[in-house]
Amino acid sequence: MSQPDRKARLPTGVQTFSEIRQENLYYVDKTHFACQLVRQGKHYFLSRPRRFGKSLFVSTLKELFEGHRELFQGLAADDQWDWSVRRPVARLSFASGLYTKPGGLHNNLLKQLRSHQRSAGIELEAAEGPDRFAELLEELHRSSGRRVVVLVDEYDKPITENLGRPDLARDNRDYLRALYSVIKDCDEHLRFSFFTGVSKFSTVSLFSGLNNLNDITLDPRYSSICGLTDLDLDSVFASELEGLDRDEVRKWYNGYSWGGPDRLYNPYDLLLLLRTREFKAWWFEAGTPAFSVAETLVQRRVPVPSLDGMHATDELLAAFDVGSISTPALLFQTGYLTIERSALRAGQRHYRLRYPNRAVRTSLNRHLLAALTAPPPERDRLAGRPHPRG
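Quantities reported herein were computed from a predicted structural model and do not represent experimental measurements.

Regarding the overall build of the protein
Moving on, step 1. Helix and strand counts for the protein come out as 17 helices and 12 strands.
Moving on, step 2. Its C-alpha radius of gyration of 22 Å places the protein within 12% of the 21 Å reference for a compact globule of 390 residues.
Moving on, step 3. In terms of overall dimensions, the protein has a C-alpha envelope of 70 × 50 × 45 Å along the principal axes.
Moving on, step 4. Here the protein holds 390 residues, and 55% of them are scored as buried.
Moving on, step 5. Here the analysis covers contacts within the protein between residues at least 6 apart in sequence; of these, 70% occur between residues at least 24 apart.
Moving on, step 6. By element, 47% of the accessible surface of the protein is carried by carbon and sulfur atoms, the whole surface being about 17,500 Å².
Moving on, step 7. In the protein, 54 side chains carry a positive charge and 49 a negative one; their mean positions are 4 Å apart.

Take a look at the structure:
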């Protein structure tokens, strides 16, 4: 773990590893996870809720593979990484872009590929996005003599942003399937790939053919690859906790689990608490997914008491596709429920889910109450029922 001097700034909203290190911001060392991933495999997938540190980890991987050792002094990777090899990195991020109109995804991808083309000083001729991506990987390998690293952040946003527009969502899903199939076809040119996003689409629907993709979402070894543990908070941010009730901090914000030994904090909640000194549902109130969770629960007539203690299996938690997502998967993948405990029965893992903490419990219940007590026309709209006039 890296703890700068007392005058260091909190990295609120900062998702770039180089900025955190160069500006001497607080940083919790996650580089040992990166080293472990590279040692043990090649193609990885990770799902975590929004604002949980996914983009920062992707940024960390980029700086590692590009060999910027000066950024890693004092961190775990400093003496674990092979700094003699620098690799070309093709990083794609779908965090921003206009995906709500036909052609938006294609235009965004071409813009990113042109940026890579200019940076590498290479020429690409293919007109279609997936074909040009394949051409980029081949040319990067050829020109550098090193196999390429592919990093994809917010891989699912062009789909999830359009779940209220199912036809466009399916078009974007099919386009992304063609794009991601390039990873399999260009495997000889690749050293490593890493996909991350909020949702966990089935392998068949989005990663068809990429049968060696290692999903570490619920791997206990990587449960704290994003998020902060109690140890992180009490060591790295110890001086910032002065004057705050430590038990209240834990009740309000601790509690997330992806199958490992530690309960985790959402970094966004903690950084806003440390900056403002106010206990509020910072993460929840910062914005919901494009599809409203509360409205979906009302439409499905899910009893509110059933949320805390909901049961699910591996299959249910991964059941996400356009027009088809189970209630447990929706709530777990978006971060409104987390794993309380799990058990292996008859060869299948079963999970009991619960609210992660006070902030999520109170906020989600307040939004559900507002949806349930809406005026009849609005309530009928949420439930998908026509409302008679007069």
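Now, onward.
A closer look at the confidence of the model for the protein
Moving on, step 1. Here the protein averages 89 in pLDDT, and 91% of its residues register 70 or above.
Moving on, step 2. Below a pLDDT of 50 lies the segment residues 382–390, which in the model reaches 12 contacts outside its immediate sequence neighbourhood of four places, other chains included.

Let's talk about the packing of aromatic side chains
Moving on, step 1. Applying the stated rule across the entire model yields 27 aromatic pairs.
Moving on, step 2. Aromatic pair Phe57 and Phe194: ring centres 5.6 Å apart, planes at 55°, arrangement tilted. Of the two residues, Phe57 is situated in helix H3 (residues 54–65) and Phe194 in strand E4 (residues 190–197); the sequence distance between them amounts to 137 residues. For the pair Phe57 and Phe194, one class covers both residues: buried.
Moving on, step 3. Summarising the aromatic geometry, the rings of Trp283 and Tyr336 are spaced 5.5 Å apart at their centres and angled 45° between planes, so their arrangement reads as tilted. Within this pair, whereas Trp283 is found in helix H12 (residues 282–285), its partner Tyr336 is found in the loop between helix H15 (327–333) and strand E11 (338–345), the two being separated by 53 residues in sequence.

Remarks on the pairing of strand E12 (residues 348–354)
Moving on, step 1. Sheet topology note: the strand E8 (residues 311–313)/E12 ladder contains three bridges and is antiparallel. Directly across from Ala312, in E12, lies its bridge partner Tyr351.
Moving on, step 2. Direction of pairing for E11 relative to E12: antiparallel, over a ladder of seven bridges. Among the inter-strand pairings, Ile339 is bridged to a residue of E12, identified as Leu353.
Moving on, step 3. Taken together, E11 and the strand that follows it, E12, pair antiparallel across an intervening segment of two residues, in which Ala346 is found at a positive phi of about 50°.

Some points on the sheet that holds strand E1 (residues 43–47)
Moving on, step 1. If you walk across this open sheet you meet the five strands as E2-E3-E4-E1-E5, and the pairing is parallel. Here the strands that pair on one side only, and so sit at the sheet edges, are strand E2 (89–93) and strand E5 (214–215).
Moving on, step 2. Bridge count between E2 and strand E3 (residues 148–153): five bridges; the pairing is parallel. What sits directly across from Ser93, in E3, is Asp153.
Moving on, step 3. Here helix H2 (residues 31–40) sits on the sheet in contact with E1 and E4, set at roughly 130° to E4.

Points about the packing of helix H5 (residues 129–144) against helix H7 (residues 166–185)
Moving on, step 1. The geometry of H5 relative to H7 is characterised by a closest axis approach of 9 Å and an angle of 20° between their N-to-C directions. It follows that H5 is roughly parallel to H7 by the angle criterion. When you trace H5 past H7, the crossing you get is right-handed. In this structure, H5 uses Gly129, Pro130, Phe133, Ala134 and Leu137 to contact H7, whose residues at the interface are Tyr175, Ala178, Leu179, Val182 and Ile183.

A word on helix H4 (residues 104–120)
Moving on, step 1. End to end, H4 covers 25 Å across 17 residues, agreeing with the expected 24 Å (1.5 Å per residue, within 8%).
Moving on, step 2. Every buried residue of H4 is accounted for by Gly104, Leu105, Asn108, Leu109, Leu110, Gln112, Leu113, His116 and Gln117.
Moving on, step 3. Where H4 is buried, its residues meet E2, H5, helix H6 (157–160) and H7.
Moving on, step 4. Phi turns positive one or two residues past the end of H4, at Gly121, with a value near 65°.

Considerations on H5
One full turn of an α-helix is made of 3.6 residues, so residues set three or four places apart face in the same direction.
Moving on, step 1. Taking 1.5 Å as the rise per residue, H5 with 16 residues should run 22 Å; its terminal C-alpha atoms sit 22 Å apart, in good agreement.
Moving on, step 2. Buried within H5 are the following residues: Gly129, Pro130, Arg132, Phe133, Ala134, Glu135, Leu136, Leu137, Glu139 and Leu140.
Moving on, step 3. Each element contacted by the buried residues of H5 is listed here: E2, H4, E3, H7 and E4.
Moving on, step 4. The first or second residue beyond H5 is Gly145, which carries a positive phi of 75°.

The rules behind the values
Residues numbered from 1 in each chain as written. Predicted model: local features only at pLDDT ≥ 70, side-chain atom pairs only at ≥ 80, totals over all residues. Heavy atoms only, no water. Helix = DSSP H or I, 4+ residues; strand = E, 2+ residues; numbered from the N terminus. Rg over C-alpha atoms; globule rule 2.2 N^0.38 Å. Buried < 20%, exposed > 50% of the residue type's maximum accessible area, 1.4 Å probe, protein only. Contact = heavy atoms within 4.5 Å. Areas by Shrake-Rupley, 256 points an atom, 1.4 Å probe, with all protein chains shown as cover. Lys, Arg positive; Asp, Glu negative; His and termini not counted. Charge placed at Lys NZ, Arg CZ, Asp CG, Glu CD. pLDDT = per-residue confidence, 0-100. Phe/Tyr/Trp six-rings, centres within 6.5 Å; stacked < 30°, edge-to-face > 60°. Pairing = 2+ DSSP bridges. Axes fitted to C-alpha atoms, helices over the stretch in contact; angles between N-to-C directions. Parallel < 35°, antiparallel > 145°, perpendicular 65-115°, else oblique. Left-handed = near helix turned anticlockwise from the far one by under 90°. Expected span 1.5 Å × (residues − 1).

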